[in-house]
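# Geometric and topological summary
The lines below spell out each chain.
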Amino acid sequence: MEWTFSQEDLPATAESFWQHYKGQHIFTLEGPMGAGKTTFIKALCAARGVEDATASPTFSIINEYAFRENGQQYSIYHLDLYRLKDEEEAIAAGVEDTIYRDHAISFVEWPDIINDLLPPDTIRLQLSVLPDKKRLLRAG
């Protein structure tokens, strides 16, 4: 699956994404610095009804956002592993606790150091910058 979108298209792209990945819980998101990974995750949170302010977890490593659906409370975890050195440091930061939590969705930026921790049904996403300032999101 793939989407090409501009900044203005983000809300509709996020809605389409959730329709396509209904029921999925763990996503990795890779792309170069400045590609818009955090911006895309913000749009995904907004589409799920997250009311909390969303921000990059570059320094906190993990941000948690809450939303309600069908009377049930859920969490979206946004993990940014860029500053971590290895899997052991990721475990100490609580990565396993978030990606295996019930009633939660996890988005993991810079996931390479935890590849062995991710379940086989993880959706791997790649975000690229196109010459016209649009973005290309591919699942693979």
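Everything in this summary refers to the structure shown in the same document.

Rules and cut-offs
- Residues numbered from 1 in each chain as written.
- Predicted model: local features only at pLDDT ≥ 70, side-chain atom pairs only at ≥ 80, totals over all residues.
- Heavy atoms only, no water.
- Phe/Tyr/Trp six-rings, centres within 6.5 Å; stacked < 30°, edge-to-face > 60°.
- Buried < 20%, exposed > 50% of the residue type's maximum accessible area, 1.4 Å probe, protein only.
- Lys NZ or Arg CZ within 6 Å of the ring centre and 35° of its normal.
- Helix = DSSP H or I, 4+ residues; strand = E, 2+ residues; numbered from the N terminus.

## What to know about the packing of aromatic side chains
Tallied over the full model, the rule gives 14 aromatic pairs. Note on phenylalanine 17 and tyrosine 21: the rings are 4.9 Å apart at their centroids and 50° apart in plane angle, and the pair reads as tilted. One exposure class covers both phenylalanine 17 and tyrosine 21, and it is buried. Among the aromatic side chains, those forming a connected cluster through ring pairs are Trp3, Phe5, Phe17, Trp18, Tyr21, Phe27, Phe40 and Phe107. Across from the ring centre of tryptophan 18, 4.3 Å away, lies the NZ or CZ of arginine 48, which sits over that ring.

## Section: unusual backbone geometry
The phi dihedral of histidine 103 is positive, around 55°, even though this residue is not glycine. Considering the arrangement of structural elements, one finds histidine 103 in the loop between α4 (95–99) and β5 (104–109). Using a relative accessible area of 43% as the deciding quantity, one classes histidine 103 as partly exposed. Positive phi, normally seen in glycine, also occurs at tryptophan 110, with a value near 55°. Locating tryptophan 110 in the fold gives a position in the loop between β5 and β6 (123–129).

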